[in-house]
Amino acid sequence: MIEFRVLSRSDCEQIRLWRNEDLSHLRTPYLLTQEMQERFYRDVVDNRAANARWWGAWGDVRTPQEKWEHPANGPVLFGYAGLEDISWENRRAEVSLFIAPSARKQGVGREAVAELLRRAREELNLHTVIGVVYQTTAAPQFWRAVLPPTTQWVKLPDAKWWKGRWWDADVFTVLLGTGSS
């Protein structure tokens with residue numbers, strides 16, 4: 001079971017460190033400094049007037065051995081989820097999700113996407129969530145597996161320049177108000 005919590009400055013700093021480990025799947029493939037992340041926290045995460053909403057994703061992502069050795073440990077930060085470029089007039093936003101490298105392939109990403117879509121629909125009253133998934137990693141397979149079957153997909157050729165070549169992207173659209181998610 002995962003939960004979303006308000007992101008703190010220290011959460012954002014930890015996420016920056018994880019993020020800087022692998023830039024291949026990111027829209028902005030450059031290293032972030034501590035100052036840049038502080039500005040993101042101040043101007044976006046901690047700003048209710050920003051057209052974005054972000055949450056820390058928390059859960060028990062320890063290995064079975066770690067759970068056996070330390071049974072009293074509670075949930076830990078394993079990533080963040082956000083809705084950005086929110087268009088309140090059109091009730092649309094772009095999804096963003098980052099899972100720490102050590103927490104991947106444990107099912108928490110699927111739960112985080114479900115919670116993010118629920119919040120978009122029930123708390124923010126959004127109608128449409130879109131996303132861009134670069135084919136530089138296995139991320140397209142993840143997104144195709146976790147999104148509702150009614151999700152619409154479009155291929156965007158040459159969408160990202162990475163390591164000396166152009167990569168395609170998959171763009172998805174999820175309609176929230178129709179019972180499709």
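Structure: above.
Residues numbered from 1 in each chain as written. Predicted model: local features only at pLDDT ≥ 70, side-chain atom pairs only at ≥ 80, totals over all residues. Heavy atoms only, no water.

Regarding the nonpolar core
Inside soluble globular proteins, nonpolar side chains tend to come together where they are buried.
Next, step 1: The biggest cluster of nonpolar side chains holds 30 residues, and the ones touching the most others in it are Phe4, Phe78, Leu83, Leu126, Trp143 and Leu147.
Next, step 2: Mapped onto this core, the elements with two or more residues apiece are strand 1 (2-5), strand 2 (53-59), strand 3 (76-87), strand 4 (92-99), helix 4 (108-122), strand 5 (128-134), helix 5 (139-146) and strand 7 (165-175).
Next, step 3: No other element matches the 6 residues that helix 4 contributes to this core.
Next, step 4: Among the nonpolar cores identified, the runner-up in size contains 13 residues, and Ile15, Ala52, Trp54 and Trp58 belong to it. (Core = buried A, V, L, I, M, F, W, Y, C linked by side-chain atoms within 4.5 Å. Buried < 20%, exposed > 50% of the residue type's maximum accessible area, 1.4 Å probe, protein only. Helix = DSSP H or I, 4+ residues; strand = E, 2+ residues; numbered from the N terminus.)

A word on the layout of surface pockets
Next, step 1: Within this model, the largest pocket holds a volume of roughly 1400 Å³.
Next, step 2: The wall of the largest pocket is formed by 50 residues, among which His25, Leu26, Ser96, Leu97 and Phe98 lie closest to the centre.
Next, step 3: Of all the secondary-structure elements, those providing two or more residues to the lining of the largest pocket are helix 1 (9-19), helix 2 (34-45), strand 3, strand 4, helix 4, strand 5 and helix 5.
Next, step 4: Residue composition of the lining of the largest pocket, by class: 29 nonpolar, 10 polar and 11 charged. (1 Å grid on protein atoms, 1.4 Å probe; cavity = no way out; pocket = protein on both sides within 12 Å on 5 of 7 lines; lining within 4 Å. Points joined across faces, edges and corners; volume = space filled by probe spheres on them. Nonpolar A, V, L, I, M, F, W, Y, C, P; charged D, E, K, R; others polar.)

Some remarks on the sheet that holds strand 1
Next, step 1: A sheet is described by the order of its strands in space; here 7 strands give the open sequence 1-2-3-4-5-7-6, paired in mixed fashion. Of all strands in the sheet, those bounded by a partner on one side alone are strand 1 and strand 6 (152-162). Neighbouring strand axes in the sheet, compared pairwise and without regard to direction, differ in orientation by 30° on average.
Next, step 2: Sheet topology places strand 4 next to strand 5; 3 bridges connect them, and they run parallel. Looking at strand 5, one finds that Arg92 is bridged to Thr128.
Next, step 3: On top of the sheet, helix 1 reaches strand 2, strand 3 and strand 4; it is set at about 95° to strand 3, its chief contact. (Pairing = 2+ DSSP bridges. Axes fitted to C-alpha atoms, helices over the stretch in contact; angles between N-to-C directions. Contact = heavy atoms within 4.5 Å.)

Concerning unusual backbone geometry
Next, step 1: In this model, Asp85 sits at a positive phi of 50°, which is unusual for a non-glycine residue.
Next, step 2: Classification of Asp85 by relative accessible area gives exposed; the value is 53%.
Next, step 3: Here Lys105, not a glycine, exhibits a phi torsion of approximately 65°, which is positive.
Next, step 4: Locating Lys105 in the fold gives a position in the loop between strand 4 and helix 4.
Next, step 5: Looking at Lys105, the relative accessible area reads 86%, which means it is exposed.

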